Amino acid sequence: MPMLFQCGPRTLDLSTVKVMGVLNVTPDSFSDGGQLFSDNTLNNSMALKRAEQMVREGAAIIDVGGESTRPGSAPVPIDEELSRVIPVVELIARELDVVISVDTSSPEVMLEAAKVGAGIINDVRALTRDGALTAAASTGLPVCLMHMQGLPQTMQDRPEYDDVVSEVANYLLQRVSQCEQAGIARSNIWLDPGFGFGKTDIHNLQLLQQLPQLVELGLPVLAGLSRKSLLGRLLGRDVNERLAGSLALAMLAAQGGAKILRVHDVAATVDVLKIQMAAASA
Ligand code: 8Y7
């Protein structure tokens, strides 16, 4: 049964699990920061080439982000975020047949990105910034609401929960109701537990193990686990040596009912999903 989302100019079917490829247009992201920069200037044609490669490898969505949210990162001025993100969204929308999500918390970026062809708003702050709910609602685009405890600058200092799964679920449900009051249809909302955002390894693993509880809320669940520092600690590996670990987590997330996997390594994750789907439907 198709499960269709109207993502700006394109349609996305979540009846099977989809891969969202990460395209960081930041000079400082933790796993691939600066790759698309030379002399501190973003190279848009390199960004397009990277997006094109991920589409060839099977990404259904390209997630364009201009503000690093890694632990300890500093906020980016709005003009800088706009000038990094908008030209790249416009270029990809014109050149490639793919849904574009814009990874932003800024209402200005949401509005401008929607005008040039973005199809999804992916907000790690779950539309909590002033004006974000109204801006997102006015675009009519699907939104992904992510849970975070604290702020990127300090979120990993001392994350604490009584029951991480129910606290994350309750937070997301509250945000869903705020969205609905702002005019965003429930059928246009995705949920994300926010792996690594104010969580210890145990919190992350409990959220993963109990992902079905989040899935049961009835909205599509996105999981972002690719290359995260949890893997560094579990495996003792540097960020560029986490492929096998990332694939194991992708398999577990898909098995737990996640419908969108946000990843850096698209081709390998697509293979994992083919195996997962074959095994699950046998
Ligand atoms: C996530 C995310 C990041 C995630 C969603 C990283 C932008 C850190 N992680 N968005 N963004 N979910 N929805 O490690 O887990 O890629 S940035």
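Everything here concerns the structure above.
### Focus: the overall build of the protein
Helix and strand counts for the protein stand at ten helices and twelve strands. Whereas a compact globule of 282 residues would reach a radius of gyration of roughly 19 Å, the protein reaches 17 Å, a difference of no more than 12%. For the protein, long-range pairs separated by at least 24 residues make up 68% of all intrachain contacts whose partners lie at least 6 apart in sequence. When the accessible surface of the protein is split by element, carbon and sulfur atoms take 51% of a total near 12,200 Å². Averaging the coordinates of the 23 positive side-chain charges in the protein and doing the same for the 32 negative ones gives two points 3 Å apart.

### Description of the sheet that holds strand E8 (residues 120–123)
Taken in spatial order, the eight strands make up an open sheet running E10-E9-E8-E7-E6-E3-E12-E11, and their pairing is parallel. The two strands at the open ends of the sheet, each matched to only one other strand, are strand E10 (189–192) and strand E11 (222–224). Here the strands of the sheet are splayed against their neighbours by 25° on average, with no regard to which way each runs. Sheet analysis places strand E7 (residues 99–103) next to E8, joined by three bridges and oriented parallel. Within E8, the residue paired with Val 102 across the bridge is Ile 121.

### Quick notes on the pairing of strand E6 (residues 61–65)
Each regular strand displays side chains that alternate between the two surfaces of the sheet. Most of E6 sits inside the fold, with five of its five residues counted as buried. Across the two faces of E6 the burial is the same, with Ile 61, Asp 63 and Gly 65 and Ile 62 and Val 64 all buried. As defined by bridge partners, strand E3 (residues 18–24) adjoins E6 across five bridges and the pair is classed as parallel. By the bridge assignment for E6, Val 22 is matched with Asp 63. Bridge count between E6 and E7: five bridges; the pairing is parallel. Note that in E7 the partner of Gly 65 across the bridge is Asp 103.

### Observations concerning the packing of helix H3 (residues 107–115) against helix H4 (residues 132–139)
If you want to describe how two helices pack, look at the angle between their axes and the distance between the axes. Interhelical geometry of H3 versus H4 gives an angle of 10° and a closest axis separation of 8 Å. With respect to H4, the axis of H3 lies roughly parallel. Contacts between H3 and H4 involve Pro 107, Met 110, Leu 111 and Ala 114 from the first element and Ala 132, Ala 135, Ala 136, Ser 138 and Thr 139 from the second. Its residues placed into classes, the contact of H3 with H4 shows seven nonpolar, two polar and no charged.

### Overview of the packing of helix H9 (residues 243–255) against helix H10 (residues 266–280)
Where H9 meets H10, the axes come as close as 10 Å, and the angle between the chain directions of the two elements is 40°. As far as their axial angle goes, H10 and H9 are oblique. The interaxial crossing formed by H9 with H10 has right-handed handedness. Of H10, the residues touching H9 (which contributes Leu 243, Leu 247, Ala 250, Met 251, Ala 254 and Gln 255) are Ala 268, Thr 269, Val 272, Leu 273, Ile 275 and Gln 276.

Thresholds, definitions, all that
Residues numbered from 1 in each chain as written. Predicted model: local features only at pLDDT ≥ 70, side-chain atom pairs only at ≥ 80, totals over all residues. Heavy atoms only, no water. Helix = DSSP H or I, 4+ residues; strand = E, 2+ residues; numbered from the N terminus. Rg over C-alpha atoms; globule rule 2.2 N^0.38 Å. Contact = heavy atoms within 4.5 Å. Areas by Shrake-Rupley, 256 points an atom, 1.4 Å probe, with all protein chains shown as cover. Lys, Arg positive; Asp, Glu negative; His and termini not counted. Charge placed at Lys NZ, Arg CZ, Asp CG, Glu CD. Pairing = 2+ DSSP bridges. Axes fitted to C-alpha atoms, helices over the stretch in contact; angles between N-to-C directions. Buried < 20%, exposed > 50% of the residue type's maximum accessible area, 1.4 Å probe, protein only. Parallel < 35°, antiparallel > 145°, perpendicular 65-115°, else oblique. Nonpolar A, V, L, I, M, F, W, Y, C, P; charged D, E, K, R; others polar. Left-handed = near helix turned anticlockwise from the far one by under 90°.

Any functional reading would require information beyond the geometric quantities listed.
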